[in-house]
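# Structural characterization, general
Single-letter residue listing:
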Amino acid sequence: MKHKVKKVFIAGGTGFLGYKSAKLFLKMGAKVDTISLPGELDNLDWFDKRIGLTLGNLFEMSEEDIYEMLKDGGYDTFVYALGPDERITPPKPAYDFFYSKLVTECKKICSAVKRAGIKRCVIMNSYFTYFDQKYNGRLSKNHPYIRARVDQARELIELGSSGKFDVMILMLPYIFGTTEGRKPIWRDALLSHFDKFKSVMFPRGGGTAVVSAEGVAEAVVAASFNGEHAQMYPIGSTNMTYKELIGAMLEYGNDKRKYKEFPAFLCTLGVLGIKRKNKKEGKENGLDIAKLMTQIQNKKFYIDPHDTAQKLSYSELGFDGGGDILQSIKETMRVCFPERF
């Protein structure tokens, strides 16, 4: 292992991905602290008491307050697992909202982390950043959420460029799995959009990298031990066509509807009404839902999981990338739709 990880602070350590990461750090012998919003946790019956828990809101705290909280903690590693994703439809302009949450607040928090003398920082980002690079900036030009994620990666890497503060960016794809105390997003994030239809319809020819929550935790821990400053690591354990992925979600969710594919331009026509409705309400999607059909969901957003596993020395740590993704999808669907089982 390239670096020693003895004590970690996770921003978002009670969340879906942060908690999995915290548990794995504990397994690797590190101490872990985190912070949670007051009242966020209904009860702590499920929470691992080995994790130090502070109540507070990092977004509302000043940089000085965060620095004071961290400076004497003896932390060597910081993990940032906060921020909204593309599911949120904020007031227009969407870019301002996402930039505020993903860049301004993240940079404030990580500036305090750097001042506190913490040497290693892992940022959970999006795999859209990776594909924006591959498509020469076309995605960030058209999608406010992706532009903010690209800016987040760039500005946080710049924050560490003056030395003694290594910043590693994890570019995360679709994630499946369950975490104690949390409900998976997938019931509301995808399939609910088709509740009024007899079929689930997607643009033809697309696919995506996917990973389990356990796989994300492995990436976080591996980057903490073996990551290098300014490196951006695309994460995923398996590549699946949307036909394979949505088909598995329907099957494991006991959903009898069929999956159907159409040319991307026809799918674009189908979502223009949603875009007009949002505009009328003064809202804007983080992903332009019309261009989403022709720039993302009809493309194969695949990565090479072996490349990242090799760069982060997974085998040295005993990691396999997160296990069987189909089992993770099955577990996710059962928790999303308990009334069907």
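The paragraphs below set out a description of the structure included in this document. Given the structure is predicted, the values throughout are model-derived calculations rather than measurements. (Residues numbered from 1 in each chain as written. Predicted model: local features only at pLDDT ≥ 70, side-chain atom pairs only at ≥ 80, totals over all residues. Heavy atoms only, no water.)

### Things to note about helix α4 (residues 127-134)
Since the α-helix turns once every 3.6 residues, residues separated by three or four places project in the same direction. Rules: Each residue is placed in one exposure class: buried if its accessible area under a 1.4 Å probe, protein chains only, is under 20% of its type's maximum, exposed if it is over 50%, and partly exposed if it falls in between. In this text, helices come from DSSP runs of H or I with a minimum length of four residues, and strands from runs of E with a minimum of two, each type numbered from the N-terminal end.
When we look at burial in α4, the residues that qualify are Y127, F128, T129, F131 and D132. N136 sits one or two positions beyond α4 and adopts a positive phi of about 55°.

### With respect to the packing of helix α3 (residues 94-115) against helix α6 (residues 144-160)
Basically, it comes down to this: The angle between two axes is taken between their N-to-C directions and runs from 0 to 180 degrees, where each axis is a line fitted to C-alpha atoms and a helix contributes only its stretch in contact. Angles are sorted into four bins: roughly parallel if under 35 degrees, roughly antiparallel if over 145, roughly perpendicular if 65 to 115, and oblique for all others. A crossing counts as left-handed when the near helix is turned anticlockwise from the far one by less than a right angle, and as right-handed when that turn is clockwise. Only heavy atoms enter the contact rule, under which two residues are in contact if any of them lie within 4.5 Å. Polar here means any residue other than Ala, Val, Leu, Ile, Met, Phe, Trp, Tyr, Cys and Pro, which are nonpolar, and Asp, Glu, Lys and Arg, which are charged; Gly is therefore polar.
Viewed as axis vectors pointing N to C, α3 and α6 meet at an angle of 20°, and their least axial separation amounts to 8 Å. The orientation of α3 with respect to α6, classified from their angle, is roughly parallel. For α3 against α6, the interelement crossing comes out right-handed. In contact with A94, Y95, F98, Y99, L102, V103, C106, K107, C110, S111 and K114 of α3, α6 contributes P144, Y145, R147, A148, R149, D151, Q152, E155, L156 and L159. Here the residues of the contact of α3 with α6 are counted per class, giving 13 nonpolar, two polar and six charged.

### Considering the nonpolar core
Heads up, the condition is: Side-chain atoms within 4.5 Å are what join buried Ala, Val, Leu, Ile, Met, Phe, Trp, Tyr and Cys residues into a set we call a nonpolar core.
In this structure, F78, M249 and I329 are the most contacted members of the largest nonpolar core, which totals 72 residues. For this core, the element with the highest residue contribution is α3, accounting for nine residues. Those residues in contact with F78 that sit more than four places away from it in its chain are F9, A11, I109, C110, V113, I118, R120, C121 and V122. One finds A22, V220, A223 and F319 within the second-largest nonpolar core, a separate group that totals 38 residues.

### Concerning the pairing of strand β2 (residues 31-36)
To be explicit about the condition: When the strands point away from the viewer and the connection leading from the first strand across the helix to the second strand turns clockwise, the crossover is called right-handed. The pairing criterion is simple: DSSP has to find at least two bridges between the two strands.
By the criterion of burial, β2 is predominantly enclosed, with five of the six residues buried. For the segment spanning strand β1 (residues 7-11), helix α1 (residues 16-27) and β2, crossover handedness is right-handed. One ladder, built from four bridges, connects β2 with strand β3 (residues 52-55); its direction is parallel. Following the sheet pairing, T34 is matched in β3 by L53.

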